[in-house]
Amino acid sequence: MKHFPLGRPARIAVMASGRGSNLEALLKAFPHDSPLGHIVLVISDRREALALQKAVEAQVEAEYVPWPRNRAQGAAGTTGRFQFEQVAGQLLRDHHIDLILLAGFMRLLSPEFVQAWEGRILNIHPSLLPQFPGLFAQRQALEAGVSETGCTVHFVDAGMDTGPIVLQRRVPVLPGDTVETLTERILEQEHLAYPEAVRMVLRGEV
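A quick note: this is a predicted structure, and the numbers were derived from the prediction, not measured. Per chain, the residues get numbers from 1 upward, laid out in the order the sequence is written. Whole-chain, interface and lining totals are the exception, using all residues; otherwise, since this is a predicted model, local features are given only for residues with pLDDT of at least 70 and side-chain atom pairs are given and counted only at 80 or more. Where side-chain values are given, they derive from all heavy atoms of the structure, hydrogens and water being excluded.

Some remarks on the overall build of the protein
Threshold: Counting from the N terminus, the helices are DSSP H or I runs at least four residues long and the strands are E runs at least two residues long. When a residue's accessible area, from a 1.4 Å probe over protein chains only, is under 20% of the maximum for its type it is buried; when over 50% it is exposed; and in between it is partly exposed. Contacts between residues were defined by any pair of non-hydrogen atoms, one from each residue, lying within 4.5 Å. We get accessible surface area from the Shrake-Rupley algorithm with a probe of 1.4 Å; when it comes to residues, only the shown protein chains can shield them. Working convention for charge: Lys and Arg count positive, Asp and Glu count negative, and His plus the chain ends are omitted. Charge placement uses NZ in Lys and CZ in Arg. For Asp and Glu, CG and CD serve respectively.
Across its full length, the protein holds 6 helices and 7 strands. Moving toward the C terminus, one meets the helices and strands of the protein in the order β-α-β-α-β-α-β-α-β-α-β-β-α. The buried share of the protein, taken over its 206 residues, is 50%. Taking all contacts inside the protein whose residues are at least 6 apart in sequence as the whole, residues at least 24 apart take part in 64%. Accessible area of the protein: about 10400 Å², with a carbon and sulfur share of 53%. Taken together, the 20 basic and 23 acidic charged side chains of the protein have centroids lying 2 Å from each other.

Structure, rendered in structure tokens:
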């Protein structure tokens, strides 16, 4: 099923868990008067996430939705995920969201949630997928001794960073690179790649 273009500005939600640097780039790329779409909702599973503060500063609704931890199941327990998705899903419906962007959202959504949003949920990952999926991709790249890495914007499916690729940008791995220096250089490209990929999706080019 083809979801885009819509023939009107898309209503976009961003899910973030951290400092919100990609959110900031997306807010600049899709202001309120953008004909393609604009961000109307930011959801975070961490109350202290700077992403929520940046949303408020941009006059975008910011919602903290906890991901409850069930001791019997661990930090990624299915009970906590179910509770988060129930609340987040209602927020998305209430705001008539057309597209979800995961931006540093450090949780794995359920297959049921992802399927309901198939073709309408994107993620950005700091590697040239399918290389180095999952956590600590920059460290994985350094330990593997590769000469280049980068970032990938992809549709989200039920796997771990396995969905169809929309766009990639390459970053050289330099002699003496650390996780921190490589991360910052990849992040510079993420801030360009994510808005570009979103534009492609909203225009129906993907």
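A closer look at the packing of aromatic side chains
Basically, it comes down to this: Side-chain rings of Phe, Tyr and Trp, where Trp is taken by its six-membered ring, are said to pair if the distance between their centres is within 6.5 Å; with planes under 30 degrees apart they count as stacked, over 60 as edge-to-face, and otherwise as tilted. Counted as over-ring charges are cases with an Arg CZ or a Lys NZ within 6 Å of the ring centre that also lie within 35 degrees of the ring normal.
A complete count under the given rule lists 3 aromatic pairs for this structure. Ring pairs connect the aromatic residues Trp67, Phe84 and Phe105, which therefore count as one cluster. Its end group placed over the ring of Phe136, Arg139 keeps NZ or CZ at 5.0 Å from the ring centre.

Some details on the pattern of salt bridges
Stated precisely, the cut-off is as follows: A side-chain nitrogen of Lys or Arg and a carboxyl oxygen of Asp or Glu constitute a salt bridge if their distance falls within 4 Å.
Applying the stated criterion across every chain, the model contains 8 salt bridges. Linking Arg170 and Glu148 is a salt bridge whose minimum nitrogen-to-oxygen distance equals 2.6 Å. Here Glu148 lies in strand 6 (residues 148-155) and Arg170 lies in strand 7 (residues 165-172), a separation of 22 residues in the sequence. Judged by its relative accessible area of 53%, Arg170 falls in the exposed class. According to the relative accessible area criterion, Glu148 is partly exposed, its value standing at 30%.

Here's the deal with the pairing of strand 6
The following threshold applies: Note: two strands are recorded as paired if DSSP finds a minimum of 2 bridges between them.
Among the 8 residues of strand 6, 7 are classified as buried, and the element is accordingly described as predominantly covered. Sheet topology note: the strand 5 (residues 121-125)/strand 6 ladder contains 4 bridges and is antiparallel. Bridge assignment links Asn123 to a residue of strand 6, and that residue is His154.

Quick notes on the side chain of Ser34
Going by this rule: Polar contacts, as used here, are pairs of N or O atoms within 3.5 Å; protein pairs need one atom able to donate a hydrogen and one able to accept it. Residues neighboring in sequence count only if both atoms are side-chain atoms.
Relative to the helices and strands, Ser34 resides in the loop between helix 1 (21-29) and strand 2 (37-44). In terms of polar contacts, Ser34 uses its side chain to reach the backbone amide nitrogen of Leu36, at 3.3 Å.

Examining a nonpolar patch on the surface
Worth spelling out the cut-off: Candidate patch residues must exceed 30% relative accessible area and have no salt bridge, after which like charges are joined if within 9 Å and Val, Leu, Ile, Met, Phe, Trp or Tyr side chains if within 5 Å.
A grouping of Met106, Leu135 and Phe136 is seen on the molecular surface, where their side chains present a nonpolar patch of about 360 Å² in accessible area. Note on placement: Leu135 falls in the loop between strand 5 and helix 5 (137-144).

What to know about the environment of His38
Checked against the element boundaries, His38 lands in strand 2. In this structure His38 comes out as buried when scored by relative accessible area, which is 16%. Separated by 25 residues in sequence, His38 and Ala13 have C-alpha atoms that sit 8.6 Å apart. Apart from the residues within four sequence positions on either side, His38 is in contact with Pro9, Ala10, Arg11, Ile12, Phe30, Pro31 and His32.

As for the pairing of strand 4 (residues 99-102)
Just so we agree on the cut-off: Whether a crossover is right-handed depends on one test, that the path from the first strand over the helix to the second runs clockwise when the strands point away from the viewer.
Here strand 4 shows a buried face lined by Leu99 and Leu101 and a second buried face lined by Ile100 and Leu102. As paired strands, strand 4 and strand 5 are joined by 3 bridges and run parallel to one another. When the bridges of strand 5 are listed, Leu101 appears paired with Leu122. Chirality of the crossover, the property in question, places the unit of strand 4, helix 4 (residues 111-116) and strand 5 among those that are right-handed.

Considering the packing of helix 1 against helix 6 (residues 179-202)
Here is the rule we go by: Axis geometry follows a simple rule: fit a line to the C-alpha atoms, using only the stretch in contact for helices, then measure angles between N-to-C directions, giving values from 0 to 180 degrees. Roughly parallel means an angle under 35 degrees; roughly antiparallel means over 145; roughly perpendicular covers 65 to 115; every other angle is labelled oblique. Crossings are assigned a handedness: left-handed for a near helix turned anticlockwise from the far helix by less than a right angle, right-handed for a clockwise turn. Gly is placed with the polar residues, together with every amino acid not listed as nonpolar (Ala, Val, Leu, Ile, Met, Phe, Trp, Tyr, Cys and Pro) or charged (Asp, Glu, Lys and Arg).
As a packed pair, helix 1 and helix 6 sit with axes 9 Å apart at the nearest point and diverge in direction by 45°. Here helix 1 lies oblique to helix 6, going by the angle between them. Helix 6 is crossed by helix 1, and the crossing has right-handed handedness. Between helix 1, through Ser21, Asn22, Ala25, Leu26 and Ala29, and helix 6, the contact on the second element is made entirely by Leu187, Glu190, His191, Tyr194, Pro195, Val198 and Arg199. For the contact of helix 1 with helix 6, a count of residues per class yields 7 nonpolar, 3 polar and 2 charged.

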